[in-house]
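# Topology and contacts: notes
The residues making up each chain are set out below.
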Amino acid sequence: MAIHLEKITATVDAYLAAYPEEREALAPLILALGKGFDFTSRRRYPAHITAGVILLDDQERVLQIHHRSLGRWLNPGGHCEPDDKSLTGTALRELAEECGIRPEDIEQVGGDESLPIQIDVHPIPASDVRAEPAHRHFDFRFAFRTGANLPTLGGREAVAHRWQPLSQLGNAVLAARLVG
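In this report, we go over the structure that sits alongside the text. Just so it is clear, the model here is predicted, and its values are computed rather than measured.

On to the environment of L63, then. Inspection of the secondary structure assignment puts L63 in strand β2 (residues 61-66). Taking the C-alpha atoms as reference points, L63 and L166, 103 residues apart in sequence, are found 9.5 Å from one another.

See below:
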């Protein structure tokens, strides 16, 4: 396991120190960490970790991709891989795979690169195609910003890309953290 549970626990502890009001929402993650459950593999159930990027452009819009199998607009991100060394590294690898954006094309929002802007716990429906039962994602989201000279979006995993105004995301807490 490349991303150690101790590092994930330290990340969650630092996040909860910054956002203590989220302790109840993160209870399933805290419980899993307390049990020592290794959920860094995408084949671990009933839950596993994912990491993603909230990427803002110079017009306060957020990059989203159309996810093939879920059929929804989401932020770039995905599952940990054995070679990933950090949650931020997972998020940046996924951004490159899904959008063709390299780490050197963007800059992190905030001072601590290991502190996510948001941790979200959400359900994932069962998939017969992928032979996966219904499960949860513990999604660590890291905020980055790009300037006006962003390269053409590409990538091999997304069906489509769009820039959504931050005000239309329907997440007031995240919006306040990004521009606050």
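A few words now on unusual backbone geometry. A positive phi angle, close to 60 degrees, is found at E60, a residue other than glycine. You can see E60 is positioned in the loop between β1 (47-56) and β2.

As a further point, take helix α1 (residues 5-18). Since there are 3.6 residues in each turn of an α-helix, residues three or four apart along the chain are aligned in direction. Spanning 14 residues, α1 covers 20 Å between terminal C-alpha atoms, matching the ideal 20 Å at 1.5 Å per step. On its buried side, α1 packs onto α2 (27-34), β1, α3 (87-99), β6 (118-124), β7 (135-145) and α4 (172-179).

Turning our eyes to something else, we now look at the packing of α1 against α2. Running from N to C, α1 and α2 cross one another at 145 degrees; their axes reach a closest spacing of 11 Å. By crossing handedness, the relation of α1 to α2 is classed as left-handed. Residue-level inspection shows L5, I8, T9, V12 and L16 of α1 in contact with α2, the latter providing L29, I30 and L33. Taken together, the residues that form the contact of α1 with α2 break down as 7 nonpolar, 1 polar and no charged.

Take α2 next. The complete set of buried residues in α2 reads L29, A32 and L33. Down the axis of α2, the buried set is contained in an arc of 100 degrees. They therefore lie on one face. Relative to its buried face, α2 has exposed residues pointing more than 90 degrees away, namely L31 and G34. The inward-facing, buried residues of α2 contact α1, β6 and β7. Downstream of α2 by one or two residues, G36 has phi in the positive range, about 75 degrees.

Our focus in this paragraph is the nonpolar core. I8, V12, L29, F39, I49, F138 and F140 are the most contacted members of the largest nonpolar core, which has 32 residues in total. The set of elements that each furnish at least two residues to this core consists of α1, α2, β1, β2, α3 and β7. Apart from residues no more than four positions distant in its own chain, F140 is found in contact with I8, T11, V12, L29, I49, T50, A51, G52, L87, P116, Q118 and I119. If you look at the next biggest cluster of nonpolar residues, it comprises 9 residues, including V62, A143, L174 and A175.

Summarising the element assignment, H79 is placed in strand β4 (residues 77-79). Under the relative-accessibility criterion, H79 is labelled buried at 12%. Side-chain polar atoms of H79 contact the side chain of H48, separated by 3.1 Å. If near-sequence neighbours (up to four positions away) are discounted, H79 is found in contact with R42, H48, I49, T50, D84, T90, R93, E94 and H137.

This next bit is on the pattern of salt bridges. If you walk through the whole model with that rule in mind, you get 11 salt bridges. When the shortest N-O distance is used, the salt bridge between R93 and E97 registers 3.1 Å. Taken together, the residues span about one helical turn, with R93 and E97 both in helix α3 at a distance of 4 residues. On the basis of relative accessible area, R93 is assigned to the buried category, the value being 18%. In this structure, D105 and R102 form a salt bridge, with 3.0 Å as the shortest nitrogen-oxygen distance. Within the structure, one salt-bridge network assembled from shared partners comprises D84, R93, E94 and E97.

Rules behind the numbers
Residues numbered from 1 in each chain as written. Predicted model: local features only at pLDDT ≥ 70, side-chain atom pairs only at ≥ 80, totals over all residues. Heavy atoms only, no water. Helix = DSSP H or I, 4+ residues; strand = E, 2+ residues; numbered from the N terminus. Expected span 1.5 Å × (residues − 1). Contact = heavy atoms within 4.5 Å. Axes fitted to C-alpha atoms, helices over the stretch in contact; angles between N-to-C directions. Left-handed = near helix turned anticlockwise from the far one by under 90°. Nonpolar A, V, L, I, M, F, W, Y, C, P; charged D, E, K, R; others polar. Buried < 20%, exposed > 50% of the residue type's maximum accessible area, 1.4 Å probe, protein only. Arc of directions from axis to C-beta. Core = buried A, V, L, I, M, F, W, Y, C linked by side-chain atoms within 4.5 Å. Polar contact = N/O pair within 3.5 Å; in protein donor to acceptor, adjacent residues only side chain to side chain. Salt bridge = Lys/Arg side-chain N within 4 Å of Asp/Glu carboxyl O.

Geometric descriptors of this kind do not, in isolation, establish any biological role.
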